[in-house]
Amino acid sequence: MKIVHSKSAGDAHYLSKSEKPQISSFKPHWTTGINRRDFIKSSLAVSLLANMAACKPNISSNTNAKDTTKLISDIPTVKIEKYTFSEDQHLDLDAIFMCLFPDDGDGPSANDLNVTTYLEWAMSDERNIDDGDPEFIAKGIGWLNQLSNDNIGKIFREATLKQQNELITETVGSEAGKNWVSILLYYVVEALTLDPFYGGNTNQVGWNWLEHQGGFPHPIQGKTYRDFS
Amino acid sequence: MKSLKVIKCDVCVVGSGVGGGPVASELAKAGHKVIVLEKGGWFNEQDFKKDEMLGRRRVFRSQLEDERHVLAEPNGDGEFEESTTSQFWGGNIVGGASNFMSAYFHRLKPQDFKLLTTFGAIEGANIADWPISYEDLEPYYTKVENIVGVSGKIVNHPHLEPRSTPDYPYPPLPEHPIANWFDKAANKLGFHPLPMARGILSRKKDNRNPCELSGYCGSYGCHSGAKASSRASLLDDAVKGGNCEVITHAKVYHINTDDKGNAISVNYYDINGEAVEVQAKKIIIACYSIESSRLLLASTSKSHPNGIGNQHNQIGKNLHCCAGGTGHGVFDLDKLPQDKQAELKVRGPFFNRALQDWYTIDDKEAFDKPVKGGTIDFVFDPPSPTSDVMDMRYDDGELLWGSKLKQNIKSKFTQSKDFKFEVFCDWLPTDDCNVTLDHYETDKWGSPVAKVKVGFHQHDLKVAQYIVDKGVEVMKGMGADEAYGNVWSDPTSNLIAGGLRFGNDPKTSALDVNCRVHGTNNLYVSDGSFMPNGGSVTPTFTIYANAFRVADKILETM
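What counts, and at which threshold
Residues numbered from 1 in each chain as written. Chains lettered and ligands numbered in written order. Predicted model: local features only at pLDDT ≥ 70, side-chain atom pairs only at ≥ 80, totals over all residues. Heavy atoms only, no water. Helix = DSSP H or I, 4+ residues; strand = E, 2+ residues; numbered from the N terminus. Rg over C-alpha atoms; globule rule 2.2 N^0.38 Å. Buried < 20%, exposed > 50% of the residue type's maximum accessible area, 1.4 Å probe, protein only. Contact = heavy atoms within 4.5 Å. Areas by Shrake-Rupley, 256 points an atom, 1.4 Å probe, with all protein chains shown as cover. Lys, Arg positive; Asp, Glu negative; His and termini not counted. Charge placed at Lys NZ, Arg CZ, Asp CG, Glu CD. Phe/Tyr/Trp six-rings, centres within 6.5 Å; stacked < 30°, edge-to-face > 60°. Lys NZ or Arg CZ within 6 Å of the ring centre and 35° of its normal. 1 Å grid on protein atoms, 1.4 Å probe; cavity = no way out; pocket = protein on both sides within 12 Å on 5 of 7 lines; lining within 4 Å. Points joined across faces, edges and corners; volume = space filled by probe spheres on them. Nonpolar A, V, L, I, M, F, W, Y, C, P; charged D, E, K, R; others polar. Buried area = accessible area lost by both parts, 1.4 Å probe. Salt bridge = Lys/Arg side-chain N within 4 Å of Asp/Glu carboxyl O.

K.L.:
Any details on the overall build of chain B? Residues and values, ideally.
P.N.:
A count of helices and strands for chain B gives 12 helices and 23 strands. Taking 2.2 N^0.38 as the reference for a compact globule, 558 residues should give roughly 24 Å; the C-alpha atoms of chain B span a radius of gyration of 23 Å, in line with that estimate. Over its C-alpha atoms, taken along the principal directions, chain B stretches across nearly 75 × 50 × 50 Å. Here chain B holds 558 residues, and 63% of them are scored as buried. For chain B, contacts bridging at least 24 residues in sequence account for 74% of all contacts bridging at least 6. Just so you have it, chain B exposes about 19,900 Å², and 47% of that area is on carbon and sulfur atoms. Where the 62 positive side-chain charges of chain B centre and where its 72 negative ones centre are 5 Å apart.

K.L.:
Can you lay out the overall build of chain A for me, pointing to particular residues and giving the numbers?
P.N.:
Along chain A, the regular secondary structure elements total 11 helices and 1 strand. Scanning chain A from its N terminus toward the C terminus, one meets helices and strands in the order β-α-α-α-α-α-α-α-α-α-α-α. Within chain A, contacts between residues at least 6 apart in sequence are counted, and of these 60% link residues at least 24 apart. If you sum the accessible surface of chain A, you get close to 10,000 Å²; carbon and sulfur atoms cover 50% of it.

K.L.:
Summarise unusual backbone geometry; cite the residues concerned and give the values.
P.N.:
Glycine aside, the phi torsion of most residues is negative, and most peptide linkages are trans. In this model, Phe-216 of chain A is joined to Pro-217 of chain A through a cis peptide bond whose omega is 5°. Position of Pro-217 of chain A among the secondary structure elements: in the loop between α10 (205-209) and α11 (225-228). In this structure, Tyr-288 of chain B is a non-glycine residue whose phi angle is positive, near 90°. Inspection of the secondary structure assignment puts Tyr-288 of chain B in the loop between β9 (275-285) and α7 (289-298). Among the residues examined, Tyr-288 of chain B registers a relative accessible area of 25% and is labelled partly exposed. Phi at Asn-313 of chain B is positive, roughly 55°, even though this residue is not glycine.

K.L.:
Break down the packing of aromatic side chains for me, citing the residues and quoting the values.
P.N.:
Scanning the model with the defined rule gives 38 aromatic pairs over all chains in all. Here Phe-191 of chain B and Trp-358 of chain B contribute two aromatic rings whose centre-to-centre distance is 4.7 Å and whose plane-to-plane angle is 80°, an arrangement assigned as edge-to-face. You can see Phe-191 of chain B sitting in the loop between α5 (178-188) and β5 (194-195) and its partner Trp-358 of chain B sitting in the loop between β12 (353-355) and β13 (360-361), a full 167 residues away along the chain. Aromatic side chains Phe-424 of chain B and Trp-488 of chain B sit 6.3 Å apart centroid to centroid with 75° between the ring planes, which places their arrangement in the edge-to-face category. Separated by 64 residues along the polypeptide, Phe-424 of chain B in strand β18 (residues 416-426) and Trp-488 of chain B in the loop between β21 (482-487) and β22 (497-499) bring together distant segments of the chain. The ring of Trp-121 of chain A carries the charged tip of Arg-226 of chain A above its face, separated from the ring centre by 3.6 Å. Lying across the ring of Tyr-168 of chain B, Arg-163 of chain B places its NZ or CZ 4.7 Å from the centre.

K.L.:
Lay out empty space enclosed by the protein in plain terms, naming residues and giving numbers.
P.N.:
Residues and elements named next belong to chain B. Inspection of every chain in the model, using the stated rule, returns 8 cavities of 30 Å³ or more. Estimates place the volume of the second largest cavity at around 180 Å³. Lining of the second largest cavity is provided by 17 residues; of these, His-106, His-157, Tyr-168, Leu-194 and Pro-195 occupy positions nearest its centre. Split into classes, the residues belonging to the lining of the second largest cavity amount to 10 nonpolar, 3 polar and 4 charged.

K.L.:
Would you mind going over the interface of chain A and chain B in detail, with residue names and values included?
P.N.:
A common measure of how large an interface is: the accessible area buried when the components associate. Across the boundary between the two partners, chain A contributes 61 residues, which contact 71 residues of chain B. Between chain A and chain B the total buried area reaches about 5,900 Å² when both faces are included, carbon and sulfur atoms providing 57% of it. For Asp-104 of chain A, the salt bridge goes to Lys-406 of chain B, with nearest N and O atoms at 3.0 Å. Contributing elements (two or more residues each) for the side of chain A that touches chain B: β1 (2-4), α3 (87-100), α6 (126-130), α8 (161-172), α9 (175-193) and α11 of chain A. By residue number, the principal contributor to the side of chain A that touches chain B is α9 of chain A, which donates 9 residues. Of the residues assigned to the side of chain A that touches chain B, the class counts are 29 nonpolar, 19 polar and 13 charged.

K.L.:
Which residues make up the layout of surface pockets, and what are the values?
P.N.:
Quantified by volume, the second largest pocket comes out at close to 820 Å³. Contributing to the lining of the second largest pocket are 34 residues, with Phe-228 and Ser-229 of chain A together with Arg-61, Gln-63 and Asp-66 of chain B lying nearest its centre. Here the residues of the lining of the second largest pocket sort into 10 nonpolar, 9 polar and 15 charged.

K.L.:
Tell me what's going on with the pattern of salt bridges, and back it up with residues and numbers.
P.N.:
Side chains bearing opposite charge may pair, as long as their charged atoms lie close to each other. All names here are of chain B. For the structure on display, the rule yields 37 salt bridges over all chains. As a salt-bridge pair, Glu-45 and Arg-231 come within 3.0 Å of each other at their nearest N and O atoms. With Glu-45 in the loop between β2 (34-37) and α2 (52-56) and Arg-231 in helix α6 (residues 230-240), this pair connects stretches of sequence that are 186 residues apart. On the basis of relative accessibility, which here comes to 14%, the residue Glu-45 falls in the buried class. The class for Arg-231 is buried, based on a relative accessible area of 1%. A salt bridge links Lys-372 to Asp-112; the nearest nitrogen and oxygen atoms lie 2.3 Å apart. Of this pair, Lys-372 sits in strand β14 (residues 371-372) while Asp-112 sits in the loop between β4 (80-85) and α3 (115-119); the two residues are 260 residues apart in sequence, bridging distant segments of the chain. Of the two residues examined, Lys-372 and Asp-112, each falls in the buried class. Salt bridges sharing common partners tie together Arg-107, Glu-138, Glu-145 and Arg-163.

Listed below in structure tokens is the structure:
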């Protein structure tokens, strides 16, 4: 039996499952072909990942290993209790997000939108955790860095912009890679368009770029979607 | 064994939306002790922020994992394909879905009450005249306009329904400049542009403030109290009056009856999952069409072995959604002078235009006899930038990123403006559109969920296409660079009615003329379930009006 979401006359759009890639469609081309959920759960896959991480001395495999407070921006409105990603992963994510949403002279970049910080906050959302996003994103960083190491002998964030674009292009060439980049773009879009209260869209820079007028009143402490969920 | 907690009152109303609110309010006002049982929580204006995440996460609505429906849709091969969905949950809070309505408040017209007599039978459709006339309901439309607050302006047109008052009690809401473009285009085409009435206050009423014109209406809760939700317009005051108590987080799962078949009480699970019984002299069900049918079907007893009022298998039959379609007019800003660009970019005021020129279609080239037509509403979708941009990550299945993605996003938001219309027609009731209890799926309380079968009649599509084409014509007349439209065959997630048709014959209806369940003397249904057809407009205004009528009929028996 499938799950469907339908139209509603005079109504706004609900979050559609189709906005996130279906977990079952995830099949990394550099793994043995098992799907994302199975991959995460599989002890074989875990050991494969451990080996992968062991090959990359600069990349932490422990996502909560360090206090990375200094590396990401403060969000005065929402509090991040516990970081999902390591210091290295924050640096990786910064580079990946800047490639996906660059500083190209037209509108805000991922850094302007505070995407990495927003992602950290979003990873504390139970729905996103249930979707497996924290593990998926963390593992994908490792895979991208492995691909980068294989291709050019250095990790992604140390590559030139041209090399980074080539690496992303190669990544989205596979269904698995496309799903992973799509998930990251999912959070870029949220950081671009959601209320600044949630940590992205700094000073409404996203809305201003899109000439979008946000609604009033804005969410406030104690009246966010998480408070009502 | 722990004994069941019992509460006693004069009147128990199940559901606090537009069907339940008027009955609770009127009966409490008349001095009766009323208890309203609402499955959701109580939220008010201070909780309703203009936050897209509230809608994206379905906050204030039931979650799929807790409650769902089994949806059986035609697959195009003459069979029905089943899925589970949460799309029909419109608002799991006090006031129900009316908190999140757009509040297009059109009245029905006299011919809607006499569809069979006026237009004749259509093979495969269960069309029936109503047991009441427009004249019977007219005073209640007027009452709704005054009590819950309707704003608008009456202009004469060929399909204007008779009114006992010259105009709406509240003046029209501020209009977007596009409305002027629309009027000129429609007039030039020989159509009759109408200001659309809304269940939204344009000036202060008691404790409710007028619309703040944020542009975030529709699926967003109202921060000012202007939107005529059942909670803001009725229940707030009813509770303050002292005779009405709203019990929240109360999931009603059974209606109990005596040996004569009359209702004596309802059982609900409270917030802790404990069962509670409410005993009342009158019991009124108003849970939204699907759920009201479900509750009656689930309430079996010795006197009602197939569910209450189901002695002739009428419970859950003749459900109807809202047929019609939607269309868009896209205006390229760079082709317009600065002043016109500025007009299109205005955010806040309402479009609020409608066309009803084809409420009856008399066009021999399209139909061999006059047929019931519909309404076109020209409206703004509530802003949802996150959802809009999400869709842009892909272009023909290819993932976009980098500057190309940025350019597309920028272009969509700043280079053009998209205006929308919605067409509303009758979804003809058929034997293939109904509610039953599913044999496999249960909700989190362990009760069988409703199975909603949504077969449609081909006639609906033909009528809808005829009117959608008119909407596209208007958009082109307004100068849209791109104009297009499509008809719906899928069910709308809101605007569903019927399932417990009212009528004089118990063999062909579930409720009597006063919306009392056949075979009982004190069990009523006051939501949209009673409607034999939905009319060619959104049904909320009519549900409100009929609920006030039902309240009067109940009062006559007390």
